[in-house]
Amino acid sequence: MAQQKATASREIGSQVNLPLSKAIEISFNSVKIRFGRSLITVSGIVLAIAFLMSIWTNTAIIDSLKRSNDPTINLKLQQKGIDIDPDSAASSQERSKNTWLIVLSLLVCLVGITNAMLMSVTERFREIGTMKCMGALDGFIIKIFLLESSFMGTAGTIIGVIVGFSLTMLLDTISYGSQLYQYVPWVGIVQFGLMAIVIGSFLSLTGGILPAYRAAKMEPVDAMRLEV
Amino acid sequence: MAVVRTQDIKKIYEMGDVTVEALKGVDLEVEVGEYISIMGPSGSGKSTLFNMIGGLDKPTSGKVYIDDVDVAQLDAYELAWLRCRKIGYIFQSFNLIPVMTALENVTLPMVFAGLTSDEARDKGVILLGKVGLGERISHKPYELSGGQQQRVAVARAFANDPAIILADEPTGNLDLVTGTEIIELLRQMNKEYGATVISATHDHKMLSVSDRVVWVRDGVVDRIVNREDLNIRVGTIDGSA
């Protein structure tokens, strides 16, 4: 009897998969605990997305104002040095300048967000190694970081869209007065907002998951030894 | 009954064009309940051997058996189970999760083992009491001294009642007095819980509590000394120094 018990305790079991709720709890706490650090990561995302969103919004509003052919607005546009004739050389030059600005802001997003997420994960390689030593499954670690990245990514992107949009609206209202509101292309702006959210979430997820995946797949000693 | 057995393990690191043979075939048997120290200068391969025993790294060739099970044959789930319940780890640099309190650090392995939060908390409080930190359970690592952090790590290592405790230079970052305290704590836990303690160290304070000392040099086991024979040797070292 005693011998039987001894053999049973010597068998190797299989680690249980923890429920998703536990992963959500751990990752949420993790974001909350390092609030200061999370805030810096999130503000990186906010800035990048706000820049993109403000460029998009502003371009859309100016386009729509030009099309409106409202005499008072035309005057204000000309005062700002914007050519109202869509066929003029100055106009096409401006269009290519705008395209360049949008490409630039997309690049800022790409670099800014992936950098913020990469840093916030790679500085925790030692922690990932330790968690593996404590018996965490690779999948569980990846799940935690997936959730953390999506918390921060979604929050950052949504705040970024709101900040970028509001600031642009504020500045344009100062420039063109309140009659601007009848010409705001709401549908287009909402579409841009959704696109920005998709881009921001996608970038923050990939930026966060790739290093976490790499660390989770390593042997624990290698993950702990890695100095970043 | 051997709880850990290694069979001719070799580890070769390839760094660019240079290959370094860190272990050149090590055979070792560790008995249940033993307190064993692996000693050797840095670069001798003792840390590498230690990592192999703990299933933290894979040998290039040779086999490691824990409870007569070949570690290389285990899948990811079984390996995680082994690390979670069979082995408790203690590191030179403590490796506590910096944002978690002492209690949360101790309960983390229990969470991975599937305990409920309440069970884990109760057990964690008891363990922290045993290592003498009953009053500081809600302190973060940076609010604790090095010795206290290592005590938290000891409590964490015992979280799931492991059969084996692996300590890698547990006193390496501690001063003389604190180091001695940690060694005594380990010895006391070893007796109380009956866990086998394997530690890699070059701390000579470790000698007096070890049942056996394995000397590693240049990737091979140089000699294995039992405690009875050890006291005399320590005497001669002290005498000649």
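Above this text is the structure in question.
First things first, this report covers the structure right here in the doc.

What counts and how
- Residues numbered from 1 in each chain as written.
- Chains lettered and ligands numbered in written order.
- Predicted model: local features only at pLDDT ≥ 70, side-chain atom pairs only at ≥ 80, totals over all residues.
- Heavy atoms only, no water.
- 1 Å grid on protein atoms, 1.4 Å probe; cavity = no way out; pocket = protein on both sides within 12 Å on 5 of 7 lines; lining within 4 Å.
- Points joined across faces, edges and corners; volume = space filled by probe spheres on them.
- Nonpolar A, V, L, I, M, F, W, Y, C, P; charged D, E, K, R; others polar.
- Core = buried A, V, L, I, M, F, W, Y, C linked by side-chain atoms within 4.5 Å.
- Buried < 20%, exposed > 50% of the residue type's maximum accessible area, 1.4 Å probe, protein only.
- Helix = DSSP H or I, 4+ residues; strand = E, 2+ residues; numbered from the N terminus.
- Contact = heavy atoms within 4.5 Å.
- Pairing = 2+ DSSP bridges.

1. Re the layout of surface pockets
Considering only enclosed or pocket space, the largest pocket measures out at about 480 Å³ in volume. Surrounding the largest pocket, 24 residues form its lining, Glu25(A), Asn29(A), Met100(B), Glu104(B) and Thr107(B) being those nearest its centre. Grouping the amino acids of the lining of the largest pocket by side-chain chemistry returns 11 nonpolar, 5 polar and 8 charged.

2. As for the nonpolar core
Of all hydrophobic cores here, the largest spans 65 residues; its most connected members are Leu49(B), Phe112(B) and Ile198(B). For this core, the leading source of residues is helix H7 (residues 138–176) of chain A, giving 6 residues. If near-sequence neighbours (up to four positions away) are discounted, Leu49(B) is found in contact with Ile9(B), Leu23(B), Val26(B), Leu28(B), Ile38(B) and Val216(B). Leu103(B), Leu133(B), Val209(B) and Trp215(B) belong to the second largest nonpolar core, which has 39 residues in total.

3. Digging into the pairing of strand S6 (residues 87–90) of chain B
Residues and elements named next belong to chain B. Alternating positions in S6 separate into two faces, Ile-87 and Tyr-89 on one and Gly-88 and Ile-90 on the other, with burial throughout. Looking at chain direction, S6 and strand S7 (residues 164–168) are connected through 4 bridges and run parallel. Within the sheet, the bridge partner assigned to Ile-87 lies in S7 and is Ile-164.

4. Some remarks on empty space enclosed by the protein
Under the criterion given, the structure shown has 4 cavities of 30 Å³ or more. Roughly 70 Å³ of volume is contained in the largest cavity. Forming the boundary of the largest cavity are 13 residues, of which Cys84(B), Ile87(B), Gly88(B), Pro109(B) and Arg156(B) lie nearest the centre. When contributions to the lining of the largest cavity are tallied by element, the ones reaching two or more residues are helix H2 (76–86), S6 and helix H5 (146–157) of chain B. The greatest single-element share of the lining of the largest cavity, amounting to 3 residues, is contributed by S6(B). Residues that form the lining of the largest cavity fall into these classes: 9 nonpolar, 2 polar and 2 charged. Surrounding the second largest cavity, Ser30(A), Val31(A), Arg34(A), Arg37(A), Ser38(A), Thr41(A), Ser120(A), Glu123(A), Arg124(A), Glu148(A) and Met152(A) form its lining. Going through the elements one at a time, helix H2 (20–33), helix H3 (35–68) and H7 of chain A are the ones with two or more residues in the lining of the second largest cavity. For the lining of the second largest cavity, the class distribution of residues is 2 nonpolar, 4 polar and 5 charged.

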